[in-house]
Amino acid sequence: MQKDAKDLSAIEIYKLLIGLVTPRPIAFVTTLSENGIVNAAPFSFYNVVCSDPPMLAVSVARKDDGSSKDTSRNIRRTGEFVVHTAEESLIEKINHTSCPYPSSISEVERAGLTTVPGKLVKVPRVAECRVAMECKLVQIVELGNGPDSDLIIGEVVHFAVDDEVVNNGRVDVEKLAPVARLAGSNYSKLGSVFAMERPKYTPE
Ligand SMILES: Cc1cc2nc3c(=O)[nH]c(=O)nc-3n(C[C@H](O)[C@H](O)[C@H](O)COP(=O)(O)O)c2cc1C
């Protein structure tokens, strides 16, 4: 297949992208509404983008009418959010939080999850998640036509990681069992893990 992006419709491009850029990690994000309601939702347009200081980026699409999703709106207002790793044992509950409930309803409660207070941010984290990264907003970059999406860049100011999944500062990914997003409604679990050294250059 050979296509210039300008010859494809928006939906064709979206379908291609979510199939081509895969598997994607899933950020399970909590934020706080103006009424103190804990909002939660999963996002797979997500990755780590800097390590000194640690920074994460999550891309939150605008709604069809151009308005922001609750996650984006809350982060813009409070400057804080928490990113949890989407673990296999919690993935159905995490998926439940993607339901477009009105802002007055906490997806966390509806999904049967509970929260504990954040350490350095006012946004609570999800108690059942073994990994939570408390973030302070660095920048929101509005991307695309409309804009299409808000790219949210946050600095991790606190890591709350269960000792069960970390050993001498190294994460045991098999114990963590992260789930990744594929295209459509498909997900993948961690496959077989293998190691490979990076090549070293030796001048001739
Ligand atoms: C696994 C998964 C990944 C998702 N990834 C994204 C994403 O990267 N960007 C996005 O805007 N919405 C994504 N969504 C949809 C949002 O979770 C959904 O719109 C949610 O209702 C937003 O919540 P909010 O309005 O409380 O912010 C994803 C949904 C699921 C189930």
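Since the structure is predicted, the reported quantities are computational estimates derived from the model, not experimental observations.

Conventions and cut-offs
- Residues numbered from 1 in each chain as written.
- Predicted model: local features only at pLDDT ≥ 70, side-chain atom pairs only at ≥ 80, totals over all residues.
- Heavy atoms only, no water.
- Helix = DSSP H or I, 4+ residues; strand = E, 2+ residues; numbered from the N terminus.
- Polar contact = N/O pair within 3.5 Å; in protein donor to acceptor, adjacent residues only side chain to side chain.
- Contact = heavy atoms within 4.5 Å.
- Salt bridge = Lys/Arg side-chain N within 4 Å of Asp/Glu carboxyl O.
- Buried < 20%, exposed > 50% of the residue type's maximum accessible area, 1.4 Å probe, protein only.
- Pairing = 2+ DSSP bridges.
- Near = heavy atom within 4 Å.
- Areas by Shrake-Rupley, 256 points an atom, 1.4 Å probe, with all protein chains shown as cover.

### Some points on the side chain of E80
And then number 1: Here E80 lies in strand β6 (residues 80–85).
And then number 2: Among the polar contacts listed, one links the side chain of E80 to the backbone nitrogen of K122, at a separation of 2.8 Å.
And then number 3: If near-sequence neighbours (up to four positions away) are discounted, E80 is found in contact with T31, I75, L120, V121, K122, V123, C135 and K136.

### Quick notes on the pattern of salt bridges
And then number 1: Scanning all chains against the criterion turns up 13 salt bridges.
And then number 2: For D7, the salt bridge is made with K6, and the minimal N-O distance between the two is 3.5 Å.
And then number 3: Take K6: its relative accessible area is 68%, and that puts it in the exposed class.
And then number 4: Ionic pairing is found between R77 and E34, a salt bridge with its closest N-O pair at 3.2 Å. Residue R77 is found in helix α2 (residues 70–78), and its partner E34 is found in the loop between β2 (27–32) and β3 (38–43); the two are separated by 43 residues along the sequence.
And then number 5: Take R77: its relative accessible area is 40%, and that puts it in the partly exposed class.
And then number 6: In the salt-bridge network here, residues are joined through shared partners; they are E34, D70, R73 and R77.

### A look at the sheet that holds strand β1 (residues 24–25)
And then number 1: Reading across from one edge, β1-β13-β14 is the order of the three strands in this open sheet, with antiparallel pairing throughout. Two strands lie at the open edges of the sheet, namely β1 and β14 (187–188), each paired on one side alone.
And then number 2: Both strand β13 (residues 180–181) and β14 contribute to a ladder of two bridges, which runs antiparallel. Residue pairing in the sheet places A180 in a bridge with S188 of β14.

### Here's the deal with the site of the ligand
And then number 1: For the ligand, the set of nearby residues contains 17 residues, the closest of which are P42, F45, A61, K69 and T71.
And then number 2: Between an oxygen atom of the ligand and a side-chain N or O atom of T71, the distance comes to 2.6 Å.
And then number 3: The contact in question runs from an oxygen atom of the ligand to an N or O atom on the backbone of S98, over 3.0 Å.
And then number 4: When isolated, the ligand has an accessible area of 640 Å², and the protein chains bury 86% of it.
And then number 5: Mapped by element, the contributors of at least two residues to the shell around the ligand are β3, β5 (54–61) and α2.

### Side note on the pairing of β2
And then number 1: For β2, the tally of buried residues reaches six of six residues, placing the bulk of the element in the interior.
And then number 2: Bridge count for β2 against β3 is six bridges, and the pairing is antiparallel. Its bridge partner being in β3, T31 is matched across the sheet by N39.
And then number 3: Connecting β2 to the antiparallel partner β3 that follows it, the hairpin turn spans five residues, and G36 within it adopts a positive phi of roughly 80°.
And then number 4: Bridge analysis of β2 against β6 gives four bridges, and the strand direction is antiparallel. For V29, the partnering residue across the bridge sits in β6 and is V83.

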